[in-house]
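Fold and geometry: a report
These are the residues of each chain, in order.
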Amino acid sequence: MSKSLGNVVQPEEVIEKYGADVLRFYLLWAAKPWDDLKFVWDELNNVNKMFNILWNVYVFSTTYMALDDFNPENCILDGPDANVSLRSEDKWIISRVNSLAKLVGENIDSNYFHVATRAIYDFILDDLSRWYVRLIRGRTWVESDDPDKLGAYYSLYTALVKLISVLCPIAPHISEEIYENLVKGVNPDVPESIHMNDWGYDEDAIDEELEAKMDVAREVIEASIRARDMAQ
């Protein structure tokens, strides 16, 4: 940017149009900490679209969960009283979000903010929205407290809560708003703010073999889709 060229972008201009969270995320995502940042409006718009997709997933989740009065505190995964059934894709998204939390934490500690934010970006777009939500959408339409439907709700809830916990140091406003409704809305005994929670991940929930198998499945499906498109 250069004042003489008249191409300076004021932070207030960006915040007014996109919000502070988008600007914060973009500044960490767009360049390595040791490189100069070339500000690109189109790239900023891509980050904004990612936040819109996250918000849409959140709205989708809370809409269906509210209709069914879903409360994660009532979920029992093991034992004779178990009322939740987890499919492989449910265990996968729980594994992936814990792997994400581990990766982001390590890279923030090492000041590799670009690696942390790009991992979050890819998780929201590819793992959560384009893959997992599409896999479970039909299960959310089932009537009654079906264990399979509750498994989808439980896994989606778990993934979103862990995701906003990872995201909140970078995008505090949207993370707090989702927390207020998604978490505090069903459990008023939780901490007042998401920023009062401890950072962490469940090492036992990470299944690297399952994640690798899901990568293969996705590659097969995407290759099939490309072949179908080519054949029209």
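First, a word on what this report is: a plain description of the structure on this page. (Residues numbered from 1 in each chain as written. Predicted model: local features only at pLDDT ≥ 70, side-chain atom pairs only at ≥ 80, totals over all residues. Heavy atoms only, no water.)

1. So, the packing of helix 1 (residues 11-18) against helix 2 (residues 20-29)
Where helix 1 contacts helix 2, the axes come no closer than 7 Å and their chain directions differ by 120 degrees. In terms of orientation, helix 1 and helix 2 fall into the oblique class. Between helix 1, through Pro 11, Val 14, Ile 15 and Tyr 18, and helix 2, the contact on the second element is made entirely by Ala 20, Val 22 and Leu 23. Taken together, the residues of the contact of helix 1 with helix 2 sort by class into seven nonpolar, no polar and no charged. (Axes fitted to C-alpha atoms, helices over the stretch in contact; angles between N-to-C directions. Helix = DSSP H or I, 4+ residues; strand = E, 2+ residues; numbered from the N terminus. Parallel < 35°, antiparallel > 145°, perpendicular 65-115°, else oblique. Contact = heavy atoms within 4.5 Å. Nonpolar A, V, L, I, M, F, W, Y, C, P; charged D, E, K, R; others polar.)

2. Side note on the packing of helix 6 (residues 147-167) against helix 7 (residues 172-182)
At a minimum axis separation of 9 Å, helix 6 and helix 7 run at an interaxial angle of 145 degrees. For the pair helix 6 and helix 7, the sense of crossing is left-handed. Residues Tyr 157, Leu 160, Val 161, Ile 164 and Leu 167 of helix 6 pack against Ile 174, Ser 175, Ile 178, Tyr 179 and Leu 182 of helix 7. (Left-handed = near helix turned anticlockwise from the far one by under 90°.)

3. Concerning the nonpolar core
Across soluble globular proteins, nonpolar side chains show a tendency to be buried alongside one another. Formed by 64 residues in total, the largest nonpolar core has its most connected members in Phe 25, Phe 51, Ile 120, Leu 156 and Leu 163. Considering every element that reaches this core, the biggest residue donor is helix 5 (residues 113-136), with twelve residues. With near-sequence residues (within four places) excluded, Phe 51 lies in contact with Asp 21, Val 22, Phe 25, Leu 167, Ala 171 and Ile 174. (Core = buried A, V, L, I, M, F, W, Y, C linked by side-chain atoms within 4.5 Å. Buried < 20%, exposed > 50% of the residue type's maximum accessible area, 1.4 Å probe, protein only.)

4. Comments concerning the pattern of salt bridges
Taken as a whole, this structure holds 13 salt bridges when the rule is applied. Note that Glu 211 and Arg 96 form a salt bridge whose closest N and O atoms lie 3.6 Å from each other. Here the residue Glu 211 occupies a position in helix 8 (residues 208-231), and Arg 96 occupies one in helix 4 (residues 88-109), the gap between them amounting to 115 residues. Since its relative accessible area comes to 11%, Glu 211 is described here as buried. Residue class for Arg 96 comes out buried when judged on its relative accessible area of 19%. A salt bridge links Asp 127 to Arg 218; the shortest N-O distance between them is 2.7 Å. Of the two residues, Asp 127 sits in helix 5 while Arg 218 sits in helix 8, which places them 91 residues apart along the sequence. On the basis of relative accessible area, Arg 218 is assigned to the buried category, the value being 11%. Residues participating in the shared-partner salt-bridge network are Arg 87, Glu 89, Asp 90, Arg 139 and Asp 148. (Salt bridge = Lys/Arg side-chain N within 4 Å of Asp/Glu carboxyl O.)

5. Section: the side chain of Ser 175
In this structure, Ser 175 sits in helix 7. If near-sequence neighbours (up to four positions away) are discounted, Ser 175 is found in contact with Ile 164, Leu 167, Cys 168 and Ile 194.

6. Some details on the environment of Ile 194
Relative to the helices and strands, Ile 194 is located in the loop between helix 7 and helix 8. Note on Ile 194: relative accessible area 3%, which makes it buried. Separated by 16 residues in the primary sequence, Ile 194 and Ile 178 place their C-alpha atoms 9.4 Å from one another.

7. Comments concerning the packing of aromatic side chains
Per the counting criterion, the structure on display carries eleven aromatic pairs. Seen in terms of ring centroids, Tyr 26 and Trp 29 are 6.1 Å apart; in terms of plane orientation they differ by 40 degrees. Their pairing is tilted. Placement of both Tyr 26 and Trp 29 in helix 2 is noted, with a separation of three residues, approximately one turn of the helix. For Tyr 26, a relative accessible area of 0% gives the class buried. Note on Trp 29 and Tyr 121: the rings are 5.2 Å apart at their centroids and 35 degrees apart in plane angle, and the pair reads as tilted. In this pair, Trp 29 is assigned in helix 2 and Tyr 121 in helix 5, connecting sequence segments 92 residues apart. The same class applies to Trp 29 and to Tyr 121, which are both buried. Taken together, the ring pairs connect Tyr 18, Tyr 26, Trp 29, Phe 39, Trp 41 and Tyr 121 into an aromatic cluster. In this structure, Lys 17 packs its charged tip against the face of Trp 41, placed 5.5 Å from the ring centre. The ring of Phe 60 carries Arg 137 above its face, with NZ or CZ at 4.9 Å from the centroid. (Phe/Tyr/Trp six-rings, centres within 6.5 Å; stacked < 30°, edge-to-face > 60°. Lys NZ or Arg CZ within 6 Å of the ring centre and 35° of its normal.)

8. Remarks on the side chain of Asn 187
Mapped onto the elements, Asn 187 comes out in the loop between helix 7 and helix 8. Owing to a relative accessible area of 16%, Asn 187 belongs among the buried residues under this scheme. A distance of 3.4 Å separates polar atoms of two side chains, one belonging to Asn 187 and the other to Glu 73. (Polar contact = N/O pair within 3.5 Å; in protein donor to acceptor, adjacent residues only side chain to side chain.)

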